[in-house]
Amino acid sequence: MSESNLRLIFADYEMDIQLPKDIPKYRDSFKNACYSKWAVNELMLYIMRKKEQSPIKSTEEFIKMVDAFSKKTEKDKAVWSIAKYVATDILDIFYAMQ
């Protein structure tokens, strides 16, 4: 898969993440959306650094990595759990494109 196709997939996915209009009222939704946008960017960077691997293999590694982080500390569990969810969702997109 070309780098430009990867960037399009990630840009499209990130555009679908909605930030709430009333941030104080929907603080948790805002936090989750921000973590999701962060995770999309981190996964894209991870895949770009692993050019010798397929995006599927890199995404599977990323999922294992963030899952391990989510089990290390209760304090940051939400961030890593959201990153795992986002990566799993994008992995499904990659599988569907095969």
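Bear in mind that the values here come from a model prediction, so they are computed numbers and not experimental data. (Residues numbered from 1 in each chain as written. Predicted model: local features only at pLDDT ≥ 70, side-chain atom pairs only at ≥ 80, totals over all residues. Heavy atoms only, no water.)

1. Quick notes on the side chain of Thr-59
Worth spelling out the cut-off: Working definition: helices are DSSP H or I runs of at least four residues, strands are E runs of at least two. Numbering for both runs from the N terminus. Side-chain atoms alone can form a polar contact between residues adjacent in sequence; in general such a contact is a pair of N or O atoms within 3.5 Å, and within protein one must be able to donate a hydrogen while the other accepts it. The contact criterion used is simple: two residues touch if any of their non-hydrogen atoms lie within 4.5 Å.
Structurally, the position occupied by Thr-59 is in helix α3 (residues 55-72). Here Pro-55 takes part through its backbone oxygen, which lies 2.6 Å from a polar atom of the side chain of Thr-59. Filtering out sequence-adjacent residues up to four positions away, Thr-59 remains in contact with Leu-43, Ile-47, Ala-87, Leu-91 and Phe-94.

2. Describing helix α4 (residues 77-97)
For clarity, the threshold we go by: Here the expected length of a helix is defined as 1.5 Å per residue gap, with one fewer gap than residues. Whether a residue is buried, partly exposed or exposed follows from its accessible area with a 1.4 Å probe, protein chains only, as a fraction of its type maximum: under 20%, in between, or over 50%, in that order.
With 21 residues, α4 should cover 30 Å at 1.5 Å per step; its first-to-last C-alpha distance of 30 Å lies within 8% of that length. For α4, the complete set of buried residues consists of Val-79, Ile-82, Ala-83, Val-86, Ala-87, Ile-90, Leu-91 and Phe-94. In this structure, the buried residues of α4 make contact with α1 (3-15), α2 (27-49) and α3.

3. Considering α1
The condition is simple: Read the arc as the range of directions from the helix axis to the C-beta atoms.
Here α1 is 13 residues long and its end C-alpha atoms lie 18 Å apart, about the 18 Å a rise of 1.5 Å per residue gives. Within the sequence span of α1, burial applies to Leu-6, Ile-9, Phe-10 and Tyr-13. Mapping the buried residues of α1 onto a view down its axis gives an arc of 90°, with all of them on the same face. Exposed positions of α1 whose direction lies more than 90 degrees from the buried face are Leu-8 and Met-15.

4. Observations regarding the nonpolar core
Quick note on the threshold: In this text, buried Ala, Val, Leu, Ile, Met, Phe, Trp, Tyr and Cys residues form a nonpolar core when linked through side-chain atoms within 4.5 Å.
Core analysis: the biggest nonpolar cluster contains 24 residues, and Phe-10, Val-40, Leu-43, Val-86, Ile-90 and Phe-94 have the highest contact counts within it. For this core, the elements supplying multiple residues, two or more each, are α1, α2, α3 and α4. The leading source of residues in this core is α2, at eight residues. Contact partners of Val-40, with chain neighbours within four places excluded, come to Phe-10, Tyr-13, Glu-14, Ile-17, Val-86 and Ile-90.

5. What to know about the side chain of Ser-36
With respect to the helices and strands, the residue Ser-36 is situated in helix α2. According to the relative accessible area criterion, Ser-36 is buried, its value standing at 12%. Those residues in contact with Ser-36 that sit more than four places away from it in its chain are Ile-17, Ile-82 and Val-86.

6. Remarks on the packing of aromatic side chains
The condition that has to hold: Pairing of aromatic rings covers Phe, Tyr and the six-membered ring of Trp, with a centre-to-centre limit of 6.5 Å; geometry is then stacked below 30 degrees between planes, edge-to-face above 60, and tilted otherwise.
A full pass over the atoms with the stated rule returns four aromatic pairs. Between the aromatic rings of Phe-10 and Phe-94, the centroid separation amounts to 6.3 Å while the plane-to-plane angle is 70°, which identifies the pairing as edge-to-face. With Phe-10 in helix α1 and Phe-94 in helix α4, the pair connects residues that are 84 residues apart, well separated along the chain. Phe-10 sits in the buried class, given a relative accessible area of 2%. Given a relative accessible area of 2%, Phe-94 falls into the buried group. A ring pair is formed by Trp-38 and Trp-80, whose centres lie 5.7 Å apart and whose planes are at 70°; its orientation type is edge-to-face. One end of the pair, Trp-38, is in helix α2; the other, Trp-80, is in helix α4, with 42 residues separating them in the sequence. Judged by relative accessible area, which is 32%, Trp-38 ranks as partly exposed. Of the aromatic side chains, those joined through ring pairs into one cluster are Trp-38, Phe-69 and Trp-80.

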